[in-house]
Amino acid sequence: MAMEKVFVRFVCDNTVGKLARLLRMAGFDTAYVVDNDVGRVIALCREEDRKIVSRNSRYAELVLADNFYHVKVDNPEEQFCQVVIDLKLTLSTNHFLSRCLNCNRELEEINKADIKEHVFPYVFKTQERFSTCPNCNRIFWQATHARAIKEKLLKLKSAVDRRRQAAAD
Ligand SMILES: [Zn+2]
């Protein structure tokens, strides 16, 4: 099997907002520039060594080819599959939902006892594992929402696996 990279960092602009969210859900370090500010995107590419992901072909003239992934399709799930396959990324279930979807920071596990005051009693009673974002301090636990996201990611992972298998045959 070809060498696979996990530690690619991305910067997305608002031409690929839903893709940026999917990449974060899957655990990839993905900066997001809300207002399509080309200068800001390029600065993040250079300063934080991030690969630019955008539908905007202009970046091809502004940065080295290796620093830009040009997204060519509209459907966010298809975009996700193509990025993962083209850049040989590893989709690891261990990394699913390991980042804050708002801040992109890696979540940290916290002791259940430490958050008793901060969540609803029902949640405290029914959940065992909690994590928190070191930036926005939100507390996360396994909820229906998280399960739905994980199922979506697993579906995308099997689509990617099938296509890799087909390409290898
Ligand atoms: Zn956060």
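Up top is the structure these notes are about.
Residues numbered from 1 in each chain as written. Predicted model: local features only at pLDDT ≥ 70, side-chain atom pairs only at ≥ 80, totals over all residues.

A few points about the overall build of the protein
Phase 1 of the analysis: Across its full length, the protein holds six helices and seven strands.
Phase 2 of the analysis: Reading the protein from its N terminus to its C terminus gives the helix and strand order β-α-β-α-β-α-β-α-β-α-β-β-α.
Phase 3 of the analysis: Seen through its C-alpha atoms, the protein measures out along the principal axes to roughly 55 × 40 × 25 Å.
Phase 4 of the analysis: Here the protein, with 169 residues, has 24% of them falling under the buried criterion.
Phase 5 of the analysis: Residue pairs in contact within the protein that sit at least 24 positions apart in sequence constitute 54% of those at least 6 positions apart. (Helix = DSSP H or I, 4+ residues; strand = E, 2+ residues; numbered from the N terminus. Buried ≥ 20, exposed ≤ 12 C-beta atoms within 10 Å, placed from the backbone. Contact = placed C-beta atoms within 7 Å.)

Examining the nonpolar core
Phase 1 of the analysis: Ranked by size, the top nonpolar core spans 29 residues in total, and within it V11, C12, L19, L23, A26, I52 and V53 carry the most contacts.
Phase 2 of the analysis: Of all the secondary-structure elements, those providing two or more residues to this core are strand 1 (10–13), helix 1 (17–25), strand 2 (30–33), helix 2 (38–47), strand 3 (51–54), strand 4 (68–70) and helix 4 (76–86).
Phase 3 of the analysis: Looking at this core, the element that brings in the most residues is helix 1, giving five residues.
Phase 4 of the analysis: Sequence-distant contacts of A26, defined by excluding residues within four places in its chain, comprise L91, H95, F96 and L153. (Core = buried A, V, L, I, M, F, W, Y, C linked by C-beta atoms within 7 Å.)

Remarks on the sheet that holds strand 4
Phase 1 of the analysis: Overall, parallel pairing links the four strands, which are arranged 2-1-3-4 in an open sheet. Of all the strands in the sheet, just strand 2 and strand 4 have a single pairing partner and so form its edges. The average undirected angle you get between the axes of adjacent strands in this sheet is 25°.
Phase 2 of the analysis: Where strand 1 lies against strand 3, three bridges are found, and the strand directions are parallel. Each residue of the ladder has a partner; that of C12, found in strand 3, is V53.
Phase 3 of the analysis: Across the sheet, helix 1 touches strand 1, strand 2 and strand 3, and the angle it forms with strand 2 is around 155°. (Pairing = 2+ DSSP bridges. Axes fitted to C-alpha atoms, helices over the stretch in contact; angles between N-to-C directions.)

Let's talk about the sheet that holds strand 6 (residues 130–132)
Phase 1 of the analysis: Strand order in the open sheet formed by three strands is 5-6-7, and the pairing between neighbours is antiparallel. Every other strand in the sheet has two partners, leaving strand 5 (108–110) and strand 7 (139–141) as the edge strands with one partner each. Direction aside, neighbouring strands of the sheet carry axes that sit 40° apart on average.
Phase 2 of the analysis: Taken together, the three bridges between strand 5 and strand 6 define a ladder with antiparallel strand orientation. By the bridge assignment, I110 is partnered in strand 6 with F130.

Things to note about the environment of P134
Phase 1 of the analysis: Position of P134 among the secondary structure elements: in the loop between strand 6 and strand 7.
Phase 2 of the analysis: The exposed category is assigned to P134, around which 11 C-beta atoms lie within 10 Å.
Phase 3 of the analysis: Apart from the residues within four sequence positions on either side, P134 is in contact with R105 and E108.

Observations regarding the packing of helix 4 against helix 6 (residues 144–168)
When two helices pack together, their arrangement is captured by the angle between the axes and the distance separating the axes.
Phase 1 of the analysis: Relative orientation of the contacting elements helix 4 and helix 6 amounts to 50°, with a least axis distance of 10 Å. Considering their axes alone, helix 4 and helix 6 lie oblique with respect to each other. The two elements helix 4 and helix 6 cross, and the hand of that crossing is right-handed. Residues E77, F80, C81, V84 and I85 of helix 4 form the contact with helix 6, whose participating residues are L156, A159, V160, R163 and R164.
Phase 2 of the analysis: Its residues placed into classes, the contact of helix 4 with helix 6 shows seven nonpolar, no polar and three charged. (Parallel < 35°, antiparallel > 145°, perpendicular 65-115°, else oblique. Left-handed = near helix turned anticlockwise from the far one by under 90°. Nonpolar A, V, L, I, M, F, W, Y, C, P; charged D, E, K, R; others polar.)

Points about the pairing of strand 2
Phase 1 of the analysis: Where strand 1 and strand 2 come together, four bridges link them in parallel fashion. The residue bridging V11 from the neighbouring strand is A31, located in strand 2.
Phase 2 of the analysis: With helix 1 bridging strand 1 and its parallel neighbour strand 2, the resulting β-α-β unit is right-handed. (Right-handed = clockwise from strand over helix to strand, strands pointing away.)

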